[in-house]
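# Overview (structure and organization)
If you want the building blocks of each chain, they are given just below.
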Amino acid sequence: MRRARSRSALAALLAAALLALSACGGDGAARSAGSGTGTTEPDAQGAGGAAAAADEGESADAGGDGAGHGGHHAEPARSKPLRAGESRTTVAMPGSYTPSAPYGTGTDDYRCFLLDPGLDRDTWLTGTQVLPGNPDVVHHVILFQVPPEQVAAAEAKDAAEEDEGWTCFGGTGLDRFQDVDRSSWIGAWAPGGTESVTKPGFGVRLAKGSRIVMQVHYNLLAGQEPDTSAAQLRLAPGSRDYQALSTMLLPAPVELPCRPKHSDSPLCDRPAAVADVKERFGAEGSTADLLHLLCGGEPRAGEVQSCVRTLGEPITIHGVAGHMHLLGRSLRIEVDPGTSRARTILDIPVWDFDDQGSRSIEPVHLEPFQQVEVTCRHVQWLRDRLPAFEGQPDRYVVWGEGTTDEMCLGMLQVTRP
């Protein structure tokens, strides 16, 4: 029991660094973020897209073609029809923003913008649709709810920086600790994601006076052009007897070593690679080390990494998704791993970051002390296939927010008793 409480505290400590999913030239939030608010209708394209392609090579010399790692420009899908009693409101950035590297180095800018949906009563959020103003530079967007008691702090943070919004690697910066078991994340978009619409009878509760933070990941490799993005919120009356959805995040370490024939780069040394991430992203660069406290064990270099989480309360899983970056190859989420009851609830055999969306599943109920495991595989040979790595030597890859860093993240969309 003591160990379970300890890991729960570590989960809260990690959350601020884990909530921001990098888009890596167009991946990011949509598959991992479920492309929206919760128990979503199944995507027409399904989860995986090009994942149907076979893994054609284990190295740059093995004929791997990088299937599922194509371009990174995408427009949002068309909105779906409203259902009885629903309305739609649009919230937009208050002005144009031109991204830049906030710490003077790196190729990524994460910016948070405070938006007001004008909620004059409690409301259910039943869907989201992000409208990227400049899809060439907007590589993912995450929407967070700001409860009324945090609005003043958000306004102060917004006013503290000269340009529109504020720098926000990690989460929104409004909480010292954010619980990965119950994140404030309510929606997201990345190329391949469709409008998110919850199943009938489900929604995310938004209190009267709540605001929205739109976190935008700008990949500076695509340029530094101005952007004015927006989001559409699908709303239903708060008087309806809906089930409340929330998001649970399942991160795992990334410890991908350099290839033997490419190991002469200074960043092939793990401490140097971690120091580089910290230089580019500040305090959030510590996630690479903190994940080993959450998941147990010491850093162990290898293509395959996993993390087992033991539940502290009952949950029912309604939707699943996964997230990696450009070097991701496969991802799996399993419940009750290593037991006779083990079952896979998400299997992406070939990761496709350009085709991201959540997957609804038949509800899976889990009790306290049952476990959930996320497992990811990353490969270095994709460096030889992808334009984003052109001219870049191998490096030891750890968890990081950047376009050419990596993540291993599962996401569960759940209800609780």
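What you are looking at is a predicted structure, and each value in this text was computed from that prediction instead of being measured.

A word on the overall build of the protein. Along its length, the protein carries 5 helices and 21 strands. The buried share among the 417 residues of the protein stands at 58%. Taking all contacts inside the protein whose residues are at least 6 apart in sequence as the whole, residues at least 24 apart take part in 87%.

Right, let's talk about the nonpolar core for a bit. Among the nonpolar cores identified, the biggest contains 59 residues, and I317, I333, I345 and L412 are the most heavily contacted of them. Residues within four places of L412 in sequence aside, it is in contact with S246, T247, M248, L250, I317, G319, V320, I333, I345 and V372.

So, about the pairing of strand β9 (residues 211-219). Residues in a regular strand point their side chains to alternate faces of the sheet. Within β9, 9 of the 9 residues are buried, which leaves the element mostly enclosed by the surrounding structure. Burial along β9 is two-sided: R211, V213, Q215, H217 and N219 facing one way and I212, M214, V216 and Y218 facing the other are all buried. Pairing of strand β2 (residues 108-115) with β9, which is carried by 8 bridges, proceeds in the antiparallel orientation. Within β9, the residue paired with L115 across the bridge is I212. Bridge count for strand β4 (residues 138-146) against β9 is 8 bridges, and the pairing is antiparallel. By the bridge assignment for β9, H140 is matched with H217.

Throughout the structure, instances matching the rule amount to 5 aromatic pairs. Taken together, Y97, F113 and Y218 form an aromatic cluster joined through their ring pairs.

Pairing is antiparallel across the open sheet formed by 4 strands, whose spatial order is β14-β19-β16-β17. Two strands lie at the open edges of the sheet, namely β14 (304-310) and β17 (343-348), each paired on one side alone. Neighbour to neighbour, the strand axes of the sheet diverge by 15 degrees on average, direction disregarded. Bridge analysis of β14 against strand β19 (residues 371-378) gives 7 bridges, and the strand direction is antiparallel. Across the sheet, the residue bridging to S306 is T375, located in β19.

The end-to-end C-alpha distance of helix α4 (residues 270-281), which contains 12 residues, comes to 17 Å, matching closely the 16 Å that a straight helix rising 1.5 Å per residue would cover. The set of residues buried in α4 consists of R270, A273, V274, D276, V277, R280 and F281. Down the axis of α4, the sector holding all buried residues measures 155 degrees, keeping them to one side. Residues P271 and E279 are exposed on α4 and point more than 90 degrees away from its buried face. At its buried positions, α4 is contacted by β2, β13 (255-256), α5 (287-295) and β20 (397-398).

So, about the sheet that holds strand β18 (residues 359-366). The strand order across the open sheet formed by 4 strands is β12-β21-β15-β18, and the pairing between neighbours is antiparallel. Two strands in the sheet have a free side with no partner beyond their single neighbour: β12 (246-251) and β18. The sheet shows a mean angle of 30 degrees between the axes of neighbouring strands, direction not considered.

Conventions adopted
- Residues numbered from 1 in each chain as written.
- Predicted model: local features only at pLDDT ≥ 70, side-chain atom pairs only at ≥ 80, totals over all residues.
- Heavy atoms only, no water.
- Helix = DSSP H or I, 4+ residues; strand = E, 2+ residues; numbered from the N terminus.
- Buried < 20%, exposed > 50% of the residue type's maximum accessible area, 1.4 Å probe, protein only.
- Contact = heavy atoms within 4.5 Å.
- Core = buried A, V, L, I, M, F, W, Y, C linked by side-chain atoms within 4.5 Å.
- Pairing = 2+ DSSP bridges.
- Phe/Tyr/Trp six-rings, centres within 6.5 Å; stacked < 30°, edge-to-face > 60°.
- Axes fitted to C-alpha atoms, helices over the stretch in contact; angles between N-to-C directions.
- Expected span 1.5 Å × (residues − 1).
- Arc of directions from axis to C-beta.

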